[in-house]
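Residue-level listing of the chains:
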Amino acid sequence: MPAGEAFTERQIADIARAAKAAVSQTGLNFSVFVGQSEGPPARYADRLLAALGNQATNSVLILVDPSARRVEVVTGRDAASRLDDRSCGLACLSMTSSFSGGDLTGGITTGLRMLGDSVVWARQG
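Residues numbered from 1 in each chain as written. Predicted model: local features only at pLDDT ≥ 70, side-chain atom pairs only at ≥ 80, totals over all residues. Heavy atoms only, no water.

## A few points about the pairing of strand S2 (residues 59-65)
Test applied: We call a residue buried when its accessible area falls under 20% of the maximum for its residue type, exposed when it is over 50%, and partly exposed in between, using a 1.4 Å probe and counting protein chains only. Numbering of helices and strands starts at the N terminus; helices are DSSP runs of H or I of at least 4 residues and strands are runs of E of at least 2. Only strands that DSSP links by at least two bridges are regarded as paired with each other. The handedness of a crossover follows from its direction of travel: if, with the strands pointing away from the viewer, the path from the first strand over the helix to the second runs clockwise, the crossover is right-handed.
Among the seven residues of S2, seven are classified as buried, and the element is accordingly described as predominantly covered. Pairing of strand S1 (residues 29-34) with S2, which is carried by six bridges, proceeds in the parallel orientation. Along S2, the bridge assignment pairs Phe33 with Leu63. Taken together, S1, helix H2 (residues 41-50) and S2 form a β-α-β motif whose crossover is right-handed. Bridge analysis of S2 against strand S3 (residues 70-75) gives six bridges, and the strand direction is antiparallel.

## Considerations on the layout of surface pockets
The rolling of a water-molecule-sized probe over the atoms marks out the regions of remaining empty space. Keep this limit in mind: Only protein atoms enter the 1 Å grid used here. Points where a 1.4 Å probe fits but cannot escape make up a cavity, open sets with protein on both sides within 12 Å along at least five of seven lines make up a pocket, and a residue lines them when an atom lies within 4 Å of a point. Grid points are joined across faces, edges and corners, and a volume is the space filled by probe spheres set on the points. Side-chain classes are defined by residue name, with Ala, Val, Leu, Ile, Met, Phe, Trp, Tyr, Cys and Pro counting as nonpolar, Asp, Glu, Lys and Arg as charged, and the others, Gly among them, as polar.
Quantified by volume, the second largest pocket comes out at close to 160 Å³. Lining the second largest pocket, in full, are Phe7, Ile12, Ile15, Ala16, Ala19, Phe30, Ser31, Val32, Phe33, Val34 and Ile108. Elements with a contribution of two residues or more to the lining of the second largest pocket: helix H1 (9-26) and S1. When residues in the lining of the second largest pocket are grouped by element, the largest group, five residues, is from S1. Residue composition of the lining of the second largest pocket, grouped by class: ten nonpolar, one polar and no charged.

This is the structure:
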């Protein structure tokens, strides 16, 4: 989806459903930001996570900046203990693959599912 185009109601519902499923599956809070970063995307993602206040420690935030062609996944302290960097990297790789094919919504929903599945496996393993 070209930068500047809004999501349809159905796309928003699909992303919200995937985020809700990840929350239900893991007990972690999942947030998604799609838009232009204010400054370097990694730093902006950290700032967005911090803005979640008391929820930040148990949260996973996905930042998608189409204009910078960047995806960042940041985790709060407690969430990081249950979701490793490798799993976040694989989810980012999957998302960027979908994005390059023009499927922003599918990439985000797949990334949310992958992250949720990774947390569950970490708890069971």
